[in-house]
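One-letter residues, chain by chain:
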Amino acid sequence: MDSAQVDAYLRRLGAERPKSAAGATAEVLRELHLRHLRTVPFENLSIHLGEEIVLEEERLLDKVVGARRGGFCYELNGAFGALLGTLGFEVTLLAARVHGDEGRLGIPYDHLALRVRASDGSEWLADVGFGAHSHYPLAFGDRGEQKDPGGSFRIVEAGPDLDVVVNGRPQYRLEVRPRELGDFVAGAWWHSTSPASHFVQSLVCSRVTEDGGRITLSGRTFKVTGADGARQERELGTDEEVLGAYRERFGIELDCVPTVRNPLAATD
């Protein structure tokens, strides 16, 4: 990333540039992590709009910064990792497999997360691309309970890997071997094309709110979840309402309302 791209990314987040590499602190990481979750939506609209998903740094920055869009894990954590690395953090890409029904693990390269080393040597699990996850980075080496506005988290040993557990339920199994962005191409392709992928079966656009809650637009259903877990939802009737919600609540300008490209997959 060049200096102009860094400045544009930080403007997107509403953050200031750290003054030096020594500014790559845990506190700065925490602030950027939360700001990212509040401003850059977790969304899979490209899949249903017929847009190509390319896991290359420039293309990710063009989408997240230039087009002011969001994305799913590969895009969001890929772009965020590039920003952090340029700001002086030591960033390692890690692969994970999401825990599904009956304890089944997802495909290889199911998820991308970040191991981040700050200037003081502390290490953190940063993840702005899982949807509902921790609002702040988790201490990578801490095996005890870590309280967060997103829930109670633990990182526990799982053989050579690590399980990330939220509120007592395993969320994903994390490998500790370093990866490259290109390693995740097959996983991104599967999630964006396979009828078995939940990203293909449904639409989602979601972000954390200032009060610690969450707003989500799933198809035409707009959901507001408070920090206390209370939920309200309503159906949006017209295309204008849907496009207005994307624009006003998520900062996403669309020319047309996205619809699920493979609706039969949701009923199989």
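For the structure, see preceding data.
All residue numbers here refer to positions counted from 1 along the written sequence of the relevant chain. Since the coordinates come from a predicted model, pLDDT governs what is reported: local features require at least 70, and pairs of side-chain atoms require 80 or more to be given and counted, while whole-chain, interface and lining totals use all residues. Calculated side-chain values reflect all of the structure's heavy atoms, with hydrogen atoms and water omitted.

## Describing the overall build of the protein
No. 1: Scanning the protein from terminus to terminus reveals eight helices and 13 strands.
No. 2: In terms of C-alpha radius of gyration, the protein reaches 18 Å, essentially the compact-globule figure of 18 Å for 268 residues.
No. 3: The principal-axis extent of the C-alpha atoms belonging to the protein is close to 50 × 45 × 40 Å.
No. 4: A separation threshold of at least 6 residues defines the contact pool for the protein, and within that pool the share at least 24 residues apart is 55%.
No. 5: Accessible areas in this description were obtained via Shrake-Rupley with a 1.4 Å probe; residue shielding takes into account the shown protein chains only. Total accessible area on the protein stands at roughly 12,600 Å², and carbon and sulfur atoms take up 48% of it.
No. 6: Looking at charge distribution, the protein has the averaged site of its 31 positive side-chain charges lying 2 Å from that of its 41 negative ones. Secondary structure counts use DSSP, requiring at least four H or I residues in a row for a helix and at least two E residues in a row for a strand, with both numbered from the N terminus. The quantity called the radius of gyration is restricted to C-alpha atoms. Its globule counterpart is 2.2 Å times the number of residues to the power 0.38. Contacts are assigned to residue pairs with any non-hydrogen atoms lying within 4.5 Å of each other. His is not counted here, nor are the chain ends, while Lys and Arg score as positive and Asp and Glu score as negative. The atom standing in for a charge is NZ when the residue is Lys, CZ when it is Arg, CG when it is Asp and CD when it is Glu.

## Concerning a negative patch on the surface
No. 1: Exposure above 30% relative accessible area and no salt bridge define the residues that can form patches, which grow by joining like charges within 9 Å and nonpolar side chains of Val, Leu, Ile, Met, Phe, Trp and Tyr within 5 Å. When a carboxyl oxygen of Asp or Glu lies within 4 Å of a side-chain nitrogen of Lys or Arg, that pair is called a salt bridge. On the surface, a cluster of negative charge is made up of Asp2, Glu57, Glu58 and Asp62.
No. 2: Three exposure classes are used, based on accessible area relative to the maximum for each residue type with a 1.4 Å probe and protein chains only: buried under 20%, partly exposed in between, and exposed over 50%. Of the residues examined, aspartate 62 reaches a relative accessible area of 45% and is grouped as partly exposed.

## Topic: the sheet that holds strand E1 (residues 42-43)
No. 1: By this definition, two strands are paired if DSSP reports at least two bridges between them. Sheet architecture is open: five strands sit in the order E1-E10-E11-E12-E13, paired in antiparallel fashion. A single partner strand is all that each edge strand has here, and the edge strands are E1 and strand E13 (231-235).
No. 2: Sheet topology places strand E11 (residues 214-218) next to strand E12 (residues 221-225); five bridges connect them, and they run antiparallel. Pairing of isoleucine 215 across the sheet is with valine 224, part of E12.

## What to know about empty space enclosed by the protein
No. 1: The distinction between a cavity and a pocket rests on a 1 Å grid over the protein atoms alone: a 1.4 Å probe fits inside a cavity but cannot get out, while a pocket stays open yet meets protein on both sides within 12 Å along at least five of seven lines, and a residue with an atom within 4 Å of a point counts as lining. Grid points are joined across faces, edges and corners, and a volume is the space filled by probe spheres set on the points. Taken as a whole, this structure holds one cavity of 30 Å³ or more when the rule is applied.
No. 2: Quantified by volume, the largest cavity comes out at close to 50 Å³.
No. 3: Of the residues belonging to the lining of the largest cavity, the class tally is six nonpolar, three polar and two charged. Amino acid classes used here: Ala, Val, Leu, Ile, Met, Phe, Trp, Tyr, Cys and Pro are nonpolar; Asp, Glu, Lys and Arg are charged; the rest, including Gly, are polar.

## Structural notes on the sheet that holds strand E3 (residues 111-117)
No. 1: What the eight strands build is an open sheet, ordered E5-E4-E3-E2-E9-E8-E7-E6; its pairing is antiparallel. Each end of this open sheet is capped by a strand with a single partner; those strands are strand E5 (138-139) and strand E6 (146-148).
No. 2: Two elements, strand E4 (residues 123-126) and E5, share two bridges in a ladder whose sense is antiparallel. Residue tryptophan 124 lies in a different strand from E5, and its bridge partner there is alanine 139.
No. 3: The strands that helix H5 (residues 73-86) touches are strand E2 (90-98), E3 and E4; relative to E3, the one it contacts most, it runs at about 15°. Lines fitted to C-alpha atoms define the axes here, with helix axes fitted over just the stretch in contact, and angles between the N-to-C directions of these axes take values from 0 to 180 degrees.

## Some words on the pattern of salt bridges
No. 1: Following the criterion strictly, the structure yields 15 salt bridges and no others.
No. 2: Of the charged contacts, one joins glutamate 31 and arginine 35 as a salt bridge, the two residues approaching to 2.9 Å between their closest N and O atoms. Remark: arginine 35 and glutamate 31 occur in helix H2 (residues 26-39); sequence separation between them is four residues, near one turn of the helix.
No. 3: Overall, the relative accessible area of 38% leaves glutamate 31 in the partly exposed class.
No. 4: Among the ionic pairs, arginine 59 bridges to glutamate 52, the shortest N-O distance being 3.7 Å.
No. 5: Exposure remark for arginine 59: the relative accessible area of 38% places this residue in the partly exposed category.
No. 6: Under the relative-accessibility criterion, glutamate 52 is labelled exposed at 62%.

## Focus: the layout of surface pockets
No. 1: Space inside the largest pocket adds up to approximately 1,400 Å³.
No. 2: Lining the largest pocket are 48 residues, with Phe130, Gly131, Ala132, Gln171 and His198 sitting closest to its centre.
No. 3: Contributions of two or more residues to the lining of the largest pocket are made by strand E9 (169-174), helix H6 (185-193), helix H7 (198-201), strand E10 (205-208), E11 and E12.
No. 4: Classifying every residue of the lining of the largest pocket gives 17 nonpolar, 24 polar and seven charged.

## What to know about the packing of aromatic side chains
No. 1: Between 30 and 60 degrees the pair is tilted, below 30 it is stacked and above 60 it is edge-to-face, where a pair is any two Phe, Tyr or Trp rings, Trp via its six-membered ring, whose centres lie within 6.5 Å. A full pass over the atoms with the stated rule returns six aromatic pairs.
No. 2: For the pair phenylalanine 72 and tyrosine 74, a centre-to-centre distance of 5.2 Å together with 85° between the ring planes defines the contact as edge-to-face.
No. 3: One aromatic cluster is present, formed by Phe42, Phe72, Tyr74, Tyr109, Phe184 and Phe199 through successive ring pairs.

## Focus on H6
No. 1: Every buried residue belonging to H6 is among Gly187, Ala188 and His191, and all of these are buried. Looking straight down H6, one finds its buried side chains confined to an arc of 95°; they lie on one side. Within H6, the exposed residues directed more than 90 degrees away from the buried face are Ala186 and Trp189.
No. 2: Where the residues of H6 are buried, they touch helix H3 (45-49), H5 and H7. In this description, the arc belongs to the directions extending from the helix axis to the C-beta atoms.

By themselves, these are just geometric observations and shouldn't be taken as functional.
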